[in-house]
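Now for the letters of each chain:
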Amino acid sequence: MGAAAPRVFVSHLAGVAVFDPNGDPVGRVRDLVAMLGLSGRPPRVLGLVVEVVSRRRIFLPMTRVTGVESGQVITTGVVNMRRFEQRPTETLVLGELLDRRVTLVETGEEVTVLDVAVAQLPARRDWEIDKVFVRRGKAPTLRDRWPGGGRRSGEALTVEWSAVTGFSLEEPGQGAESLLATFEQLRPADLASVLHHLTAKRRAEVAAALDDDRLADVLEELPDDDKVEILGKLQEERAADVLEAMDPDDAADLLSELPEEDKERLLTLMRPRDAADMRRLLSYEERTAGGLMTTEPIVLLPDATVADALARVRNPDLSPALAAQVYVCRAPDETPTGKYLGTVHFQRLLRDPPFTLVSSLVDSDLNPLPPDTGLPEVTSYLAAYNMVAAPVVDASGALLGAVTVDDVLDHLLPDDWRERELHGASVPDLPEVADGR
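Here the structure is a predicted model, which is why all the values come from computation and not from measurement.

Caption draft 1: Representation of the overall build of the protein chain within the structure. Across its full length, the protein chain carries 16 helices and 18 strands. Residues counted as buried form 50% of the 437 residues belonging to the protein chain. Restricting to contacts in the protein chain with at least 6 residues of sequence separation, those with at least 24 account for 62%. For the protein chain, the accessible surface area stands at approximately 20400 Å², while carbon and sulfur atoms represent 52% of it.

Okay, structure coming up:
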């Protein structure tokens, strides 16, 4: 590490790209692994947890890091692709040290850890944690981050590692604000990967710190076991709010994993409209059009215009599959609707003047799917007609919802596909080699 950059704060390493000596990408930094001692000496940094292209997390020893500069990490050409498994004596710096409440040795005052700095020892490839960035006073909010950003509460200061104590103690109510600030730019699927690899304790603390919408997005990307575990540790009122913020089909899938009494209790706490949607989805077999569909497609009345349709399509909260087409129905325009008239595809909306009525553009040639249509038939329908979503209509002609291609894929893949992806299971485990741990 060059003299111009004697140390690096770990929040600056989160998500940084890792390259081999030829400039080819290896992956991105997701955490650092350290070994905390009891002597008060600065902890040795053992290596980096790097997420490679396959979503597998591997261990990169610091002895193989040749440079940390200009927002990138350079390694030697040798990378062991064996999956990272945390050992009992190891600590994840981002996952476990940030947001801890520790004590200043000199004054006995409790402070909150916002960041820590790592430095390379002179003339060696060994690294250690040498500085701790802390804030006095109450635990920080997401606005209280380093460096810069918003109002702050309490004095912030950087101290030597030896100036604080308490890192080795179990903290029952550790916060998660600084950790979340470090990862706030991650997509929901990537943040889900971060949560999946935390301890159950930290997973619950991070989930508690996320707002309802963000947590809902992340839950949709997690394996079923993680979803159930996190939901079970939330207060029931909050669990109901998070379920309401999820896509209805995903929320119904999660509810179906719960014991009957827990499911009923949460449905009772939800808004009546949302609870009614959940009960309707839960009434269908899982691998049918009714069980797969979402109850929130874009529904328009016949007198709506192309401009109205495009305004609805622009909603950033819609998935690309749901935004690909709108469904024209007679009143009421909430599912289950009045009579389903047909579909208007997004490309057709772009080709016609804004004042055109959507009722004049409907594609009524394709028959909608009955709710009891099986998964193989739904898959064949989407593939045969090159569709990314399909309407689901009951025997009376009312639109119940829409099946999207992403929900179909969820059920075509193996039941544990999310967990396999988070572990990078497509890459075989390699024999263990010396890695400096």
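Caption draft 2: Here's a closer look at helix 12 (residues 306-313). Every buried residue of helix 12 is accounted for by V306, A309, L310 and V313. The buried residues of helix 12 occupy an angular sector of 95° when the element is viewed end-on, so they sit on one face. Where the residues of helix 12 are buried, they touch strand 14 (299-300), strand 15 (325-329) and helix 13 (346-351).

Caption draft 3: Region of the structure containing the nonpolar core. L48, V73, V118, I129, V132 and L243 are the most contacted members of the largest nonpolar core, which has 90 residues in total. Residues within four places of V73 in sequence aside, it is in contact with L13, V16, A17, V18, F19, V29, L48, V65, G67 and V68. One finds V306, V344, L349 and V358 within the second-largest nonpolar core, a separate group that totals 14 residues.

Caption draft 4: Focus on the packing of helix 7 (residues 236-245) against helix 9 (residues 260-269). The N-to-C vectors of helix 7 and helix 9 enclose an angle of 75°; their axes lie 9 Å apart at closest approach. Viewed along their axes, helix 7 and helix 9 adopt a mutual orientation that is roughly perpendicular. Contacts between helix 7 and helix 9 pair E236, E237, A239, A240, L243 and E244 from the former with R265, L266 and L269 from the latter. Among the residues making up the contact of helix 7 with helix 9, the classes are represented as 5 nonpolar, no polar and 4 charged.

Caption draft 5: Fine view of the pattern of salt bridges. Counted by the stated rule, this structure contains 23 salt bridges. Across the pair E236 and R265 runs a salt bridge whose closest N-O atoms are separated by 2.4 Å. Here R265 lies in helix 9 and E236 lies in helix 7, a separation of 29 residues in the sequence. Two residues, E244 and R271, come together in a salt bridge whose shortest N-O distance is 3.1 Å. Residue E244 is located in helix 7, and its partner R271 is located in the loop between helix 9 and helix 10 (272-282); the two are separated by 27 residues in the primary sequence. For E244, a relative accessible area of 15% corresponds to the buried category. Bridged by salt links that share partners, the residues D99, K201, R202 and E205 form one connected network.

Caption draft 6: Up close: the environment of V159. Position of V159 relative to the elements: it lies in strand 12 (residues 156-160). In sequence terms V159 and L104 are 55 residues apart; their C-alpha atoms lie 9.0 Å from each other. Beyond its immediate sequence surroundings of up to four residues, V159 is in contact with D130, K131, V132 and V164.

Caption draft 7: Layout of the sheet that holds strand 16 (residues 340-345). If you walk across this open sheet you meet the 3 strands as 14-15-16, and the pairing is mixed. Looking at the sheet topology across the chains shown, the edges are occupied by strand 14 and strand 16. For strand 15 and strand 16, the ladder comprises 5 bridges, and the chain directions are antiparallel. The partner of V328 across the bridge, within strand 16, is G342.

Caption draft 8: Up close: the side chain of H411. Within the secondary structure, H411 is located in helix 15 (residues 405-412). Given a relative accessible area of 11%, H411 falls into the buried group. Sequence-distant contacts of H411, that is, excluding residues within four places in its chain, are made with D253, E286, R287, L292 and L375.

Caption draft 9: Examining helix 9 more closely. Taken together, the buried positions of helix 9 are occupied by K263, L266 and L267. Buried residues of helix 9, viewed axially, fall in a sector of 100°; they line one side. Opposite the packed face of helix 9, turned more than 90 degrees from it, sit the exposed residues E261 and T268.

Caption draft 10: A negative patch on the surface, seen in detail. A cluster of acidic side chains, namely D211, D213, D217, D247, E296, D317 and D406, defines a negative patch on the protein surface. In this fold, D406 is placed in helix 15.

Caption draft 11: Spatial organisation of the pairing of strand 3 (residues 25-35). The element strand 3 is extensively covered by neighbouring structure, given that 8 of its 11 residues are classed as buried. Here strand 2 (residues 17-19) pairs with strand 3 via 3 bridges, running antiparallel. The partner of A17 across the bridge, within strand 3, is R28. Connecting the antiparallel pair strand 2 and strand 3 is a turn made up of 5 residues, with G23 showing a positive phi of about 85°. Where strand 3 and strand 4 (residues 44-52) come together, 8 bridges link them in antiparallel fashion. The residue bridging G27 from the neighbouring strand is V52, located in strand 4. Two elements, strand 3 and strand 8 (residues 91-92), share 2 bridges in a ladder whose sense is antiparallel. Its bridge partner lying in strand 8, A34 is registered against T91.

Thresholds applied
Residues numbered from 1 in each chain as written. Predicted model: local features only at pLDDT ≥ 70, side-chain atom pairs only at ≥ 80, totals over all residues. Heavy atoms only, no water. Helix = DSSP H or I, 4+ residues; strand = E, 2+ residues; numbered from the N terminus. Buried < 20%, exposed > 50% of the residue type's maximum accessible area, 1.4 Å probe, protein only. Contact = heavy atoms within 4.5 Å. Areas by Shrake-Rupley, 256 points an atom, 1.4 Å probe, with all protein chains shown as cover. Arc of directions from axis to C-beta. Core = buried A, V, L, I, M, F, W, Y, C linked by side-chain atoms within 4.5 Å. Axes fitted to C-alpha atoms, helices over the stretch in contact; angles between N-to-C directions. Parallel < 35°, antiparallel > 145°, perpendicular 65-115°, else oblique. Nonpolar A, V, L, I, M, F, W, Y, C, P; charged D, E, K, R; others polar. Salt bridge = Lys/Arg side-chain N within 4 Å of Asp/Glu carboxyl O. Pairing = 2+ DSSP bridges. Patch = residues over 30% accessible without salt bridge, like charges linked within 9 Å, V, L, I, M, F, W, Y side chains within 5 Å. Lys, Arg positive; Asp, Glu negative; His and termini not counted. Charge placed at Lys NZ, Arg CZ, Asp CG, Glu CD.

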